[in-house]
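Coordinate analysis (summary)
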Amino acid sequence: MSIAHSELRALVGAQVGRPMRSDVTRVGACNLGLPTVVGVPPFLDDGTPFPTMYWLSCPLAVKRIGRLEGMGAVKQLQEYGVANPEFAQALEERHAEVAIERDREIGDRQGPRPSGGVAGTTTGVKCLHAHYADEVGDGRNPVGKVTAPFVEPLNCPTPCVVKNSGIWERNPEWSEPR
């Protein structure tokens, strides 16, 4: 599915259920060509600093990750990081890389700036949605890598959003594939 950049913001807004507060870029796509992850700038349209570089837009992935978080996966991955120094080191490095990449994009802009790594934190696991999105966006997130097999494949037979009378909206016929 070919989606014009000018329509992407509205499409993603329909996926997440609210208007996007900045332009976005498609970083990952599902089997139907719809965005799964979008890149977000370090400042929203109103100038608010925004630390998250990659945002998960796919309703299926959001639903599946929500289940993982509901089962205590954030705490389990935190504990895994304590028990596995290599995993903890890789995660710490990714947090630092995100901060460096975002700071490079910001340049010498003055005033309040976004801070932290993945999901705005500098250590540990804060949000599996953000870690998974970062993995799709960059491919170097150890938490996202561990999470991916529980989320993928994102193989919906029916699109999660449709364009109706020129407006993107959630598709009432969409449901989670079995």
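Keep in mind that this is a model prediction, so the values were computed, not measured. The numbers attached to residues start from 1 for each chain and follow its sequence in the written order. Where local features are concerned, this predicted model is filtered to residues with pLDDT of at least 70; where side-chain atom pairs are given and counted, the filter is 80 or more; whole-chain, interface and lining totals use all residues. Water and hydrogen atoms play no part in the side-chain values, which are based on all heavy atoms of the structure.

**With respect to the overall build of the protein chain**
Strands here mean DSSP runs of E at least two residues long; helices mean DSSP runs of H or I at least four residues long; both are numbered from the N terminus. The helix and strand inventory of the protein chain stands at 6 helices and 5 strands. Reading the protein chain from its N end, one meets helices and strands in the order α-β-β-β-α-α-α-α-α-β-β. For 178 residues, the compact-globule estimate of 2.2 N^0.38 gives 16 Å, and the protein chain sits close to it at 17 Å. If one aligns the C-alpha atoms of the protein chain with their principal axes, the spans along those axes are about 50 × 45 × 20 Å. Here's how the labels work: a residue is buried when its accessible area is under 20% of the maximum for its type, exposed when over 50%, partly exposed in between, all with a 1.4 Å probe on protein chains only. A burial count over the protein chain gives 46% of its 178 residues as buried. The globule rule used for comparison is 2.2 Å times the number of residues to the exponent 0.38, while the radius of gyration itself is calculated over C-alpha atoms.

**Details of the packing of helix H2 (residues 59-70) against helix H6 (residues 142-151)**
With axes taken as lines fitted to C-alpha atoms, and helix axes fitted only over the stretch in contact, angles between N-to-C directions fall between 0 and 180 degrees. Put simply, H2 and H6 touch, their axes get as near as 10 Å, and they point 110° apart. The angle between H2 and H6 falls in the class roughly perpendicular. Between H2 and H6 the crossing geometry is right-handed. Within the contact between the two elements, H2 uses Ala-61, Arg-64, Ile-65 and Leu-68 and H6 uses Thr-147, Phe-150 and Val-151. In what follows, roughly perpendicular refers to angles from 65 to 115 degrees, roughly parallel to angles under 35, roughly antiparallel to angles over 145, and oblique to any angle outside these ranges. Crossing handedness is defined as follows: a turn of the near helix away from the far one that is anticlockwise and smaller than a right angle gives a left-handed crossing, while the clockwise case is right-handed. Throughout, a residue-residue contact means that at least one pair of heavy atoms, one from each residue, lies within 4.5 Å.

**Quick look at empty space enclosed by the protein**
Here a cavity denotes grid points, spaced 1 Å and computed from the protein atoms alone, that fit a 1.4 Å probe unable to get out, and a pocket denotes an open set having protein on both sides within 12 Å along at least 5 of 7 lines; residues with an atom within 4 Å of a point are the lining. Grid points are joined across faces, edges and corners, and a volume is the space filled by probe spheres set on the points. Counted by the stated rule, this structure contains 2 cavities of 30 Å³ or more. Surrounding the largest cavity, 16 residues form its lining, Cys-30, Leu-34, Cys-58, Cys-156 and Cys-160 being those nearest its centre. Among the elements of the structure, strand S2 (35-39) and H2 are those that each provide at least two residues to the lining of the largest cavity. Following the grouping adopted for this structure description, the nonpolar residues are Ala, Val, Leu, Ile, Met, Phe, Trp, Tyr, Cys and Pro, the charged ones are Asp, Glu, Lys and Arg, and the polar ones are all others, Gly among them. Classifying every residue of the lining of the largest cavity gives 12 nonpolar, 4 polar and no charged. As a volume, the second largest cavity reaches approximately 50 Å³. In terms of lining residues, the second largest cavity is bounded by Thr-52, Met-53, Tyr-54, Val-98, Gly-117, Val-118, Ala-119, Ala-130 and Asp-134. Taken together, the residues of the lining of the second largest cavity break down into 6 nonpolar, 2 polar and 1 charged.

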